[in-house]
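# Geometric and topological summary
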Amino acid sequence: MGYPNTIGRYQLGRTIGEGTFAKVKLAMNTETRQNFAIKIIDKKMVIENQMMYQIEREISVMRLLHHPNIVRIYEVIATKTRIYIIMEYISGGPLSNKLDYLERLSEGEARKYFQQLIDAVDYCHRRGVYHRDLKPENLLLDSRGNLKVTDFGLGVFQKQGDLLSTACGSPSYVAPEVISHKSYNGASADLWSCGVILYELLAGYLPFEDPNLINLYKKISKADYKFPKWITESQKTLISKILNPLPTKRMTVPEIHEDQWFQTAYERDAGINFAMALATETEKTTSHGYINAFQLIAMSNDLDLSGLFEVKIEDKQKTRLGSTYPTKETIDKIEVAASDSSLSVERLNNFKMKLHQKNNFGCSRSQFNLLAEVIQVTPKHCVVEISKSAGELIMYKKFCESLSSLVKEKRSALLISP
């Protein structure tokens, strides 16, 4: 089945990118005539491959990042079969295309892109966001030649100082500690990828290459690479300090900022300074708390992802809602929503309950059954998973809508197309 010509107020145009579960199309806002990129995700394929959380996480993370060197998400539209993510349109294509064409960049151009990459990464890290898949394919160039980081599909939002454990990323750009399947610091791992990118920008090829993956990982683990003759001593010093196989001795962002080669012609505009100020304020409020994608959803005032992946299998229905309340208060709100929907509650344990429809005599009818389970994500936030095994869909939706309005401090709006 083909794509519609329009979605909401957007006129769809040619395909400008394609992945396993999604296509990216150029689109125009028919009201403002402004161009956007729309990522179209096939819900069925995502659900079949258990990728719901990854998509939700990508939207959540990107929606909260407002920085001149990071691609913006403006809107999300969901239909029964697809999710449409309306993003900033970056006309210059990925940096990898430019590298393929030029082989290597001039020192000035390479430095500019690296400075902008570090600015974007620094901003993300200050907000507890770690990209985990930095590479030229995920760095876009706008019409003015500025770099924009995109594709946070492997990104994670985590309290600063905590360690990550999931091994992910692209082989040639992944840090040694990630390969070894040890717990790792997300900031250090991202900076290793930045070092690989800087080498590639200046050399015209990757520092670590081998057709055999095991041999490639051995080279990465030992930082086994050589510099071409045109790399200067100042460039060698910077790259060597970033590509240190020991993450505790690897160069940090503040140290990169102090590097003389990096500082040459370095300018940070007012927009970046403002973004960094916002990041600093966020640090103050989140550095001692539990941070995760569900909190990001709750923090975003105009985006609700709870209904993106409502799964229907035969007569079974499942919905997940993020709650901005602790477990006990969330359970109380489930009971309130049940009462508002004329449902009786049967407690199964401290976290699970069955909901039945009452008849005129106050008794439960077995024809309608809901199961609600509360899953604690942090001490103050949780997720409610609601599944319907029997009964009318309209009653199920009424309960979900009622509960959704109760478990959020300020209910968000998700544009739903018929």
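Only a predicted model underlies this, so the values are computations on that prediction, with no experimental measurement involved.

## Quick look at the packing of helix α4 (residues 107-126) against helix α6 (residues 186-203)
At their nearest, the axes of α4 and α6 sit 10 Å apart, and the two run at 170° to each other. By the angle class used here, α4 and α6 are roughly antiparallel. Across the interface between the two elements, Glu107, Ala110, Tyr113, Phe114, Leu117, Ile118, Val121 and His125 of α4 pack against Gly186, Ala187, Asp190, Leu191, Cys194, Ile197, Leu198, Leu201 and Leu202 of α6. Of the residues contributing to the contact of α4 with α6, the split by class is 13 nonpolar, 2 polar and 2 charged.

## Let's talk about unusual backbone geometry
One non-glycine residue, Arg132, adopts positive backbone phi at about 70°. Tracing the sequence through the fold places Arg132 in the loop between β7 (129-130) and β8 (139-141). On the basis of relative accessibility, which here comes to 10%, the residue Arg132 falls in the buried class.

## Some points on the confidence of the model for the chain
Averaged over all residues, the pLDDT of the chain is 82; the fraction at 70 or higher stands at 81%. Counting contacts from residues 361-366, a segment whose pLDDT is below 50, to residues more than four positions away or on other chains yields 8 contacts.

## Observations regarding the nonpolar core
Counting 79 residues, the largest nonpolar core has Phe114, Leu117, Val149 and Phe152 as the members making the most contacts within it. In terms of residue count, α6 provides more of this core than any other element does, 11 residues in total. What Phe152 contacts, discounting residues up to four positions off in sequence, is Glu58, Val61, Met62, Leu65, Ile70, Cys124, Val129 and His131. Counting residues in hydrophobic clusters, the runner-up holds 20 residues, among them Ala337, Leu355, Ile386 and Met395.

## Remarks on helix α3 (residues 95-102)
By the burial criterion, the buried members of α3 are Leu95, Ser96 and Leu99. In an axial view of α3, the angular spread of the buried residues amounts to 100°, which keeps them on one side of the axis. Projecting away from the buried face of α3 at angles above 90 degrees are the exposed residues Asp100 and Tyr101. Against α4, β8, β9 (147-149) and α6 lie the buried residues of α3. Positive backbone phi, approximately 70°, marks Glu103, located one or two places after α3.

## Some thoughts on the pairing of strand β4 (residues 35-42)
Counting buried positions along β4 yields 6 of 8 residues, so the element is predominantly enclosed. Sheet analysis places strand β3 (residues 22-29) next to β4, joined by 7 bridges and oriented antiparallel. Across the sheet, the residue bridging to Ala27 is Phe36, located in β4. Where β3 hands over to β4, the hairpin turn is made up of 5 residues, of which Arg33 adopts a positive phi near 65°. Pairing of β4 with strand β6 (residues 82-88) involves 7 bridges; the strand directions are antiparallel. Counted as the bridge partner of Ile40 is Tyr84 from β6.

## Focus: the environment of Ala120
Mapped onto the fold, Ala120 is located in helix α4. Given the relative accessible area of 1%, Ala120 is considered buried. Linking Ala120 and Val149, residues 29 residues apart in sequence, is a C-alpha distance of 7.2 Å. Beyond its immediate sequence surroundings of up to four residues, Ala120 is in contact with His67, Asn69, Ile70 and Val149.

## Quick word on the packing of aromatic side chains
Taken as a whole and judged by the stated rule, the model has 10 aromatic pairs. Taken together, a centroid distance of 5.3 Å and an interplanar angle of 85° make the contact between Tyr225 and Phe227 edge-to-face. Taking relative accessible area as the criterion, Tyr225 reaches 16% and is therefore assigned buried. A relative accessible area of 25% means that Phe227 is categorised as partly exposed. Note on Phe262 and Tyr266: the rings are 4.9 Å apart at their centroids and 55° apart in plane angle, and the pair reads as tilted. We classify Phe262 as buried; its relative accessible area is 0%. Owing to a relative accessible area of 18%, Tyr266 belongs among the buried residues under this scheme.

Analysis parameters
- Residues numbered from 1 in each chain as written.
- Predicted model: local features only at pLDDT ≥ 70, side-chain atom pairs only at ≥ 80, totals over all residues.
- Heavy atoms only, no water.
- Axes fitted to C-alpha atoms, helices over the stretch in contact; angles between N-to-C directions.
- Helix = DSSP H or I, 4+ residues; strand = E, 2+ residues; numbered from the N terminus.
- Parallel < 35°, antiparallel > 145°, perpendicular 65-115°, else oblique.
- Contact = heavy atoms within 4.5 Å.
- Nonpolar A, V, L, I, M, F, W, Y, C, P; charged D, E, K, R; others polar.
- Buried < 20%, exposed > 50% of the residue type's maximum accessible area, 1.4 Å probe, protein only.
- pLDDT = per-residue confidence, 0-100.
- Core = buried A, V, L, I, M, F, W, Y, C linked by side-chain atoms within 4.5 Å.
- Arc of directions from axis to C-beta.
- Pairing = 2+ DSSP bridges.
- Phe/Tyr/Trp six-rings, centres within 6.5 Å; stacked < 30°, edge-to-face > 60°.

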